[in-house]
Amino acid sequence: MTEVIDGNAVAADIRDGLTDAIERLADAGSRPGLATVLMSDDAASETYVSMKQRDCEEVGITSHHVEIPPDAPAAELFDTVADLNEEADVNGILVQMPVPDHVDKRRVLRAIDPAKDVDGFHPENVGRMVAGNARFKPCTPHGIQKLLERHEVATEGAEAVVVGRSDIVGKPMANLLIQKAPLGNATTTVCHSRTEDLAAHTREADILVAAAGVPEMIDGSMIKPGATVIDVGINRVDADTGKGYELIGDVEYESAAEQADAITPVPGGVGPMTRAMLLYNTVKAAGEQAGVAVDL
Ligand code: NDP
């Protein structure tokens, strides 16, 4: 019987653990705070930010929010980030991507104080992760690590294949899988749009992470029997639903589930874990600043 890896359940468990840590922080006179900065009028970005604010409120993290008109000068965003870097009650800062074209995205990532960079995208934090000394692991790959851990999927010695090489998912995922630390030690292949014969690679995978953003591009014929399949993709496709669309993954679920031993659904797999790990990084940042250890 194929095991469905329930991201909502694992994320709820992680949030419960954070509630304990937040109580310990309160005893030490600290309440974690996350600042979100939105410089966009894109509906999806607005939804993501409001979901993050709601998540914070639910676990007892103070949510600070700054909106900057998308046509404002880039300096307004950099000044905002500089102010937030100095705010004692802001432990984590997240600038919602994408930012407008006239703003240098890489400069935004560098502007955030690395100690408050709860996305884990500042070059210093990327470097630390690559060196095996991560301060904040990027939320999506870290969430996947936690899903694998909680479902007792051994990474050590496993053949892992990651489809996608983005800075936010594919590259850090591959990096975590090859680390010597616990939850790593996998023999890892990274595939991308120039990979020849993708299926030849995916069929070798004991652990397959699909993060390409192409609806249902991986079907059962591309999956090794007994594999663990992690579907990161969130693709909005037109459908005859009340909303006029549905969300589907990069994996064709029905045929993949026939081959896999364990599989994440979309929605309800990786997505809730990404959200939970942002909360975790924020509480961890507050803990570091208050001298209270926070771990999962
Ligand atoms: P990007 O578009 O930044 O990267 C996609 C990657 O997939 C690229 O490296 C690209 O290759 C590769 N790719 C695209 N098409 C193919 C193909 N046909 N065969 C092999 N590789 C291919 O996307 P993200 O990494 O940001 O996101 C990926 C998916 O995950 C999206 O659906 C996104 O919505 C979702 N997502 C979900 C999250 C969650 O919490 N569940 C969080 C973040 C993202 P190349 O580099 O050559 O162009």
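Before reading on, note that the structure itself is shown above.
Residues numbered from 1 in each chain as written. Predicted model: local features only at pLDDT ≥ 70, side-chain atom pairs only at ≥ 80, totals over all residues.

**Topic: the overall build of the protein**
Selection rule: Runs of H or I in DSSP of at least four residues are treated as helices and runs of E of at least two as strands, each being numbered from the N terminus. C-alpha atoms define the radius of gyration, and 2.2 Å times the number of residues to the power 0.38 defines the globule rule. Using C-beta atoms placed from the backbone, we call a residue buried if 20 or more other C-beta atoms fall within 10 Å of its own, exposed if 12 or fewer do, and partly exposed for counts in between.
When helices and strands are counted, the protein shows 10 helices and 11 strands. Its C-alpha atoms give the protein a radius of gyration of 19 Å, near enough to 19 Å, the size a compact globule of 296 residues would have. Along the first, second and third principal axes, the C-alpha atoms of the protein reach 50 × 40 × 40 Å. A total of 296 residues make up the protein; the buried ones form 45% of that total.

**Side note on the sheet that holds strand β3 (residues 62-67)**
Test applied: A pair of strands is considered paired only if DSSP assigns at least 2 bridges between the two. Lines fitted to C-alpha atoms define the axes here, with helix axes fitted over just the stretch in contact, and angles between the N-to-C directions of these axes take values from 0 to 180 degrees. For every residue pair, C-beta atoms are placed from the backbone, and the pair is scored as a contact if these atoms sit within 7 Å.
The three strands lie next to each other as β3-β2-β4, forming an open sheet whose pairing is parallel. The strands lining the two open edges of the sheet, one partner per strand, are β3 and β4 (92-95). Direction aside, neighbouring strands of the sheet carry axes that sit 20 degrees apart on average. Judged from the six bridges that link them, strand β2 (residues 33-38) and β3 form a sheet pairing that is parallel. Each residue of the ladder has a partner; that of Val37, found in β3, is Val66. Along the sheet, helix α2 (residues 43-59) contacts β2, β3 and β4; its crossing angle with β2, the most-contacted strand, is approximately 170 degrees.

**Some details on the site of the ligand**
Just so we agree on the cut-off: Here is the check we use: build the C-beta atom from the backbone, and if it is within 6 Å of the molecule or strand, call the residue near. Each residue is assigned to one of three groups, with Ala, Val, Leu, Ile, Met, Phe, Trp, Tyr, Cys and Pro labelled nonpolar, Asp, Glu, Lys and Arg labelled charged, and all others, Gly among them, labelled polar.
Around the ligand, 26 residues are found, and the nearest of them are Gly164, Ser166, Ser193, Gly213 and Thr274. At three residues, the largest contribution of residues to the shell around the ligand is made by helix α10 (residues 270-290). Tallied by class, the residues present in the shell around the ligand amount to 12 nonpolar, 12 polar and two charged.

**Looking at the environment of Asn235**
By the secondary structure assignment, Asn235 is in strand β9 (residues 235-238). Here Asn235 falls in the partly exposed class, since 17 other C-beta atoms lie within 10 Å of it. Aside from chain neighbours lying at most four places away, what touches Asn235 is Gly213, Pro215, Leu247, Ile248 and Gly249.

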